[in-house]
Amino acid sequence: MAEAKEAYISILEKKLAELTGIEVDQIKKNQFANAADEAVAIREMASYVEGIVVQQAGVAEAGTVSPQIAQMFAHINAELGEERGTHALPPLKYDFNALEPHISGMIMEIHHTKHHQGYINNLIAATKKLVEAEAANDVNAMNALLPAIKFNGGGHLNHTIFWTNMAPDAGGEPEGAIAQAIDDSFGSFQSFKDKFSAASVGVKGSGWGWLGYCPNHNKLEIATCQNQDPLQITHGLVPLLGLDVWEHAYYLQYKNLRADYVKAFFNVINWPNVNERYEKACKDAGH
């Protein structure tokens, strides 16, 4: 793991020099170590997928396939329109540096082109092995792939939502149906902001803070998820607004001050996008 992290740190050092002209020996490597953690996790999951051996047809044991496998691909299809195994990096609708000074262009470029792409690569690899397991009717192998499908599929889905939840010259307070829903569910926008911020800052280790819609109760809820666990599978909430609080998302700019990063995030929230997601979720739920 140490060698993998050092290798990825080297990539980040090179990118920093290209983007800023700053010599790497002027910067402490521990500022890059946290950004490397996710890359290590992605690589470890790739190794996990490679290590799953599919038994030949007639040898594999029968059983029940976890429904979360199909659910994960269904949620990806609903968000991106991608069929299983045909996953690709969605282009940003703004330049990498368009969210500055709140989120640096260097973070955005590395986050989008390295981390998100890594999840996609692993998801495609896991899907190929899933097809192989299905052909052999190897249920054990199918279910063994679930952690990889959730981690990488969740990483692909979560980041796709995250990019659209942000925009340049955005932030402020929401308007329209989502504004009324926030008032109804939390009492006021400030109350929502305080609760969302506290939940996101309080995530233990790596994960996400979410504003989601509960279709059963027709209300908004705040929730958190560990690692890349998808909100809908974890809590039954439709994702409206997500905040990535893995350290790679902010450490190069905010160091260990996650609270400052969460505060800055409110300056780039694309509320029209959140409102569009809310109205669609309500319609789909029949409300």
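Residues numbered from 1 in each chain as written. Predicted model: local features only at pLDDT ≥ 70, side-chain atom pairs only at ≥ 80, totals over all residues. Heavy atoms only, no water.

- Looking at an unreviewed UniProt entry, the protein chain carries the name superoxide dismutase, with the source organism given as Penaeus chinensis.
- For the protein chain, the Sequence similarities (unreviewed entry) comment in UniProt is given as "Belongs to the iron/manganese superoxide dismutase family." (UniProt positions renumbered as here; feature names shortened; annotations may be inferred.)

**Some words on the confidence of the model for the protein chain**
At step 1: Confidence along the protein chain averages 87 in pLDDT terms, with 79% of residues attaining 70 or more.
At step 2: In the model, residues 16-35 has pLDDT below 50 throughout and makes 30 contacts with residues more than four positions away in sequence or in other chains. (pLDDT = per-residue confidence, 0-100. Contact = heavy atoms within 4.5 Å.)

**Some remarks on the packing of helix α3 (residues 67-80) against helix α6 (residues 146-164)**
At step 1: Two elements in contact, α3 and α6, have axes whose closest approach is 10 Å; the angle formed by their N-to-C orientations is 20°. Relative to α6, the element α3 lies roughly parallel. Here α3 and α6 pass one another in a crossing that is left-handed. Contacts from Q68, I69, M72, F73, H75, I76, E79 and L80 in α3 reach L146, I149, K150, G153, G154, H156, L157, T160 and I161 in α6.
At step 2: When the residues that make up the contact of α3 with α6 are grouped by side-chain class, the tally is nine nonpolar, six polar and two charged. (Axes fitted to C-alpha atoms, helices over the stretch in contact; angles between N-to-C directions. Helix = DSSP H or I, 4+ residues; strand = E, 2+ residues; numbered from the N terminus. Parallel < 35°, antiparallel > 145°, perpendicular 65-115°, else oblique. Left-handed = near helix turned anticlockwise from the far one by under 90°. Nonpolar A, V, L, I, M, F, W, Y, C, P; charged D, E, K, R; others polar.)

**Describing unusual backbone geometry**
At step 1: With an omega dihedral of 5°, the bond running from E100 to P101 counts as a cis peptide bond.
At step 2: Of note, P101 is situated in the loop between α3 and α4 (105-135).
At step 3: One non-glycine residue, N137, adopts positive backbone phi at about 55°.
At step 4: Along the polypeptide, N137 turns up in the loop between α4 and α5 (139-144).
At step 5: You can call N137 partly exposed: its relative accessible area is 45%.
At step 6: In this structure, D169 is a non-glycine residue whose phi angle is positive, near 55°.
At step 7: Its place among the elements puts D169 in the loop between α6 and α7 (177-186). (Buried < 20%, exposed > 50% of the residue type's maximum accessible area, 1.4 Å probe, protein only.)

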